[in-house]
Amino acid sequence: MDNKELSITSDSEYKKLLSELKEKVRSSQLKAAIKVNYELLDLYWTLGEYIVKNQEQHSWGDAFIKSLAKDLQKEFPDMKGFSETNIKYIRRWYSFYIKGLQGVAEIENNDSNSKGLQPVAQFDERVINHIKQIPWGHNQRIINKCKTIDEAIYYVDKTIENGWSRNVLVHQIESGLYGREGKSITNFEKRLPALQSDLARQTLKDPYNFDFLTIREGYDERELQKELVDKISDFLLELGEGFAYIGKEYHININGDDFYIDLLFYNLKLHFYIVIELKAEKFKPEHLGQLNFYVTAVNRELKTDRDNATIGLLICKDKNDVVCEYSLEQISQPIGISKYEITKLLEAEYKSSLPSIEEIEKKIKEIDTDN
């Protein structure tokens, strides 16, 4: 690799461009798969409709499903998807959405006059069209794990928007993303333009799930930061689509004074830097002063005209929501406050295999004394 090639690959703008192009390639791959699968899922929907309506009309039980599976497999031996198990899934899939959409329609029509029927019909059509756009395996996971149609539609839309793989989808459902996204306490409405405020708020969560960490009881902020960086792939997945890691203890020199930001990220989809400060304790109002300064510094030192306003995110062990709201009132920069959860901690005696800074310094002093 020559010097010119090396300088390009290490350039921050090139790295951002490469990340954006990777996202576009992944997105195009999913879109191609969606096009192939759409006709099959449209067939499944029609099949589900016929099964449900005929079982209701003729009081046919599971013997009907068994016979139908056998006859369809005999007629179409080269076509997958006509097993008894899969046909039961097709029936369940159709029933899940139809019953859910009928419930939505009843609520809408009870709350409005007859003119409300049209929006409900449009809503039904949009939902049905969307669920046919994601792979069948994704659909199966969603109806297996979601309790309500609103939750299911949320994950369908997120899969289409972000190109989630099946494993990522399952992870997001099991981590309860539906109930956490956009729940962070922020001052965005007062500190950002309306459109950016709404979009930025939806990128934050509360609480953040750090169960992927293997960290001892009694950990401090340095250990928490180290664990998150060591598990950066898991951390990025938890942060959400579009986040790119810039660095930890990110150095900024301001008129001769050195400062180090805990964690710095960039959102490739919404084009803003996000400064993350970690607190391994309950939120205190004084925590915001340093973060407010760092957001200002990034805006002055790193942000370009192509970037939207930098935001700050304080992730703490616990918080009082009212105290957070009061504390954000007079903060000049857009900042969100969330807590994190770790349900499994190692016993205190199971320390990191790496020695602490204090242990290293002590060992150096012992060596110097011996010499």
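Residues numbered from 1 in each chain as written. Predicted model: local features only at pLDDT ≥ 70, side-chain atom pairs only at ≥ 80, totals over all residues. Heavy atoms only, no water.

If you check an unreviewed UniProt entry, the protein appears there as PF06250 family protein from Peptoanaerobacter stomatis.

Chemist: Got a minute to help me understand the nonpolar core in this structure?
Modeler: Generally speaking, nonpolar side chains in soluble globular proteins are found buried as a group. Within the largest apolar cluster, 36 residues are counted, with the highest numbers of intra-cluster contacts made by Trp 45, Trp 93, Tyr 97, Ile 131, Ile 142 and Tyr 155. For this core, the elements supplying multiple residues, two or more each, are helix H2 (12–58), helix H3 (62–75), helix H4 (84–110), helix H5 (117–131), helix H6 (136–145), helix H7 (149–162) and helix H8 (166–174). Top element by residues in this core is H4. It accounts for seven residues. Setting aside anything within four residues of it in sequence, one finds Trp 93 in contact with Leu 41, Tyr 44, Trp 45, Ile 131, Trp 136, Asn 139 and Ile 143. Formed by 28 residues, the second largest nonpolar core is a distinct cluster that contains Phe 188, Leu 192, Phe 212 and Leu 239. (Core = buried A, V, L, I, M, F, W, Y, C linked by side-chain atoms within 4.5 Å. Buried < 20%, exposed > 50% of the residue type's maximum accessible area, 1.4 Å probe, protein only. Helix = DSSP H or I, 4+ residues; strand = E, 2+ residues; numbered from the N terminus. Contact = heavy atoms within 4.5 Å.)

Chemist: Help me understand unusual backbone geometry in this model?
Modeler: With the exception of glycine, the majority of residues adopt a negative phi angle, and the majority of peptide bonds are in the trans configuration. At the junction of Asp 206 and Pro 207, the peptide bond is cis and its omega measures out at 0° in the coordinates. You can see Pro 207 is positioned in the loop between helix H11 (194–202) and strand S2 (208–209). One non-glycine residue, Ser 59, adopts positive backbone phi at about 55°. In this structure, Glu 249 is a non-glycine residue whose phi angle is positive, near 45°. For Glu 249, the position within the fold is in strand S3 (residues 243–254).

Chemist: Looking at this structure, how should I read the packing of H6 against H8?
Modeler: In a pair of packed helices, the angle between the axes and the distance between the axes together describe the arrangement. Relative orientation of the contacting elements H6 and H8 amounts to 15°, with a least axis distance of 10 Å. The angle between the axes of H6 and H8 places the two elements in the roughly parallel class. Crossing geometry of H6 relative to H8 is assigned as right-handed. Counting all contacts with H6, which are made through Gly 137, His 138, Arg 141, Ile 142 and Lys 145, the residues of H8 involved are Arg 166, Leu 169, Val 170, Ile 173 and Glu 174. Tallied by class, residues from the contact of H6 with H8 come to four nonpolar, two polar and four charged. (Axes fitted to C-alpha atoms, helices over the stretch in contact; angles between N-to-C directions. Parallel < 35°, antiparallel > 145°, perpendicular 65-115°, else oblique. Left-handed = near helix turned anticlockwise from the far one by under 90°. Nonpolar A, V, L, I, M, F, W, Y, C, P; charged D, E, K, R; others polar.)

Chemist: How should I be thinking about helix H15 (residues 321–328) in this particular structure?
Modeler: Owing to its 3.6 residues per turn, the α-helix aligns residues three or four sequence positions apart on the same side. Looking at H15, one finds that the buried residues are Cys 324, Ser 327 and Leu 328. Down the axis of H15, the sector holding all buried residues measures 95°, keeping them to one side. In this fold, the buried residues of H15 make contact with strand S1 (185–186), helix H14 (287–301) and strand S7 (335–341). Where H15 starts, the residue carrying a side-chain oxygen 3.0 Å from the main-chain nitrogen of Val 322 turns out to be Asn 320. (Arc of directions from axis to C-beta. Polar contact = N/O pair within 3.5 Å; in protein donor to acceptor, adjacent residues only side chain to side chain.)

Chemist: Whenever I open this one, the pairing of strand S5 (residues 272–282) confuses me. Can you help?
Modeler: Both faces of the sheet carry side chains from a regular strand, because those side chains alternate between them. Most of S5 sits out of view: nine of its eleven residues are buried. As paired elements, strand S4 (residues 257–267) and S5 share five bridges and run antiparallel to each other. Opposite Tyr 266, over in S5, you have Tyr 273 as the bridge partner. Here S4 folds back onto S5, and the loop between the two strands holds four residues, one of which, His 271, carries a positive phi near 60°. Sheet topology places S5 next to strand S6 (residues 311–318); seven bridges connect them, and they run parallel. When the bridges of S6 are listed, Lys 282 appears paired with Asp 318. (Pairing = 2+ DSSP bridges.)

Chemist: When you look at the confidence of the model for the protein in this model, what are you seeing that I'm missing?
Modeler: When pLDDT is low, close inspection of the predicted coordinates is not appropriate. On average, residues of the protein score 85 in pLDDT, and 82% of them are at 70 or above. Here residues 112–120 is a poorly scored stretch, pLDDT under 50, and it has five contacts once near neighbours within four places are set aside; other chains count. (pLDDT = per-residue confidence, 0-100.)

Chemist: I would appreciate a short explanation of the environment of Val 229 in the present structure.
Modeler: Within the secondary structure, Val 229 sits in helix H12 (residues 221–230). A relative accessible area of 18% means that Val 229 is categorised as buried. Linking Val 229 and Tyr 245, residues 16 residues apart in sequence, is a C-alpha distance of 9.2 Å. Dropping the residues within four chain positions of it, Val 229 is found in contact with Tyr 245, Lys 248 and Leu 263.

Chemist: Is there a simple way to think about a nonpolar patch on the surface in this case?
Modeler: Judged by side-chain polarity, Leu 43, Phe 76 and Met 79 come together as a nonpolar surface patch covering roughly 240 Å² of accessible area. Along the chain, Met 79 falls in the loop between H3 and H4. (Patch = residues over 30% accessible without salt bridge, like charges linked within 9 Å, V, L, I, M, F, W, Y side chains within 5 Å. Areas by Shrake-Rupley, 256 points an atom, 1.4 Å probe, with all protein chains shown as cover. Salt bridge = Lys/Arg side-chain N within 4 Å of Asp/Glu carboxyl O.)

Chemist: For this particular structure, what's the right way to read the packing of aromatic side chains?
Modeler: Here the structure, examined in full by the defined rule, presents 17 aromatic pairs. Seen in terms of ring centroids, Tyr 44 and Trp 136 are 5.0 Å apart; in terms of plane orientation they differ by 70°. Their pairing is edge-to-face. You can see Tyr 44 sitting in helix H2 and its partner Trp 136 sitting in helix H6, a full 92 residues away along the chain. This pair shows no difference in class: Tyr 44 is buried, exactly as Trp 136 is. Each ring, one from Tyr 154 and one from Tyr 178, has its centre 5.2 Å from the other, and the planes form 65°; the classification is edge-to-face. Taken together, the residues Tyr 154 in helix H7 and Tyr 178 in helix H9 (residues 177–180) connect sequence positions 24 residues apart. Judged by its relative accessible area of 16%, Tyr 154 falls in the buried class. Clustering of aromatic rings is evident, with ring pairs tying together Phe 210, Phe 212, Phe 235, Tyr 245, Phe 265 and Tyr 340. (Phe/Tyr/Trp six-rings, centres within 6.5 Å; stacked < 30°, edge-to-face > 60°.)

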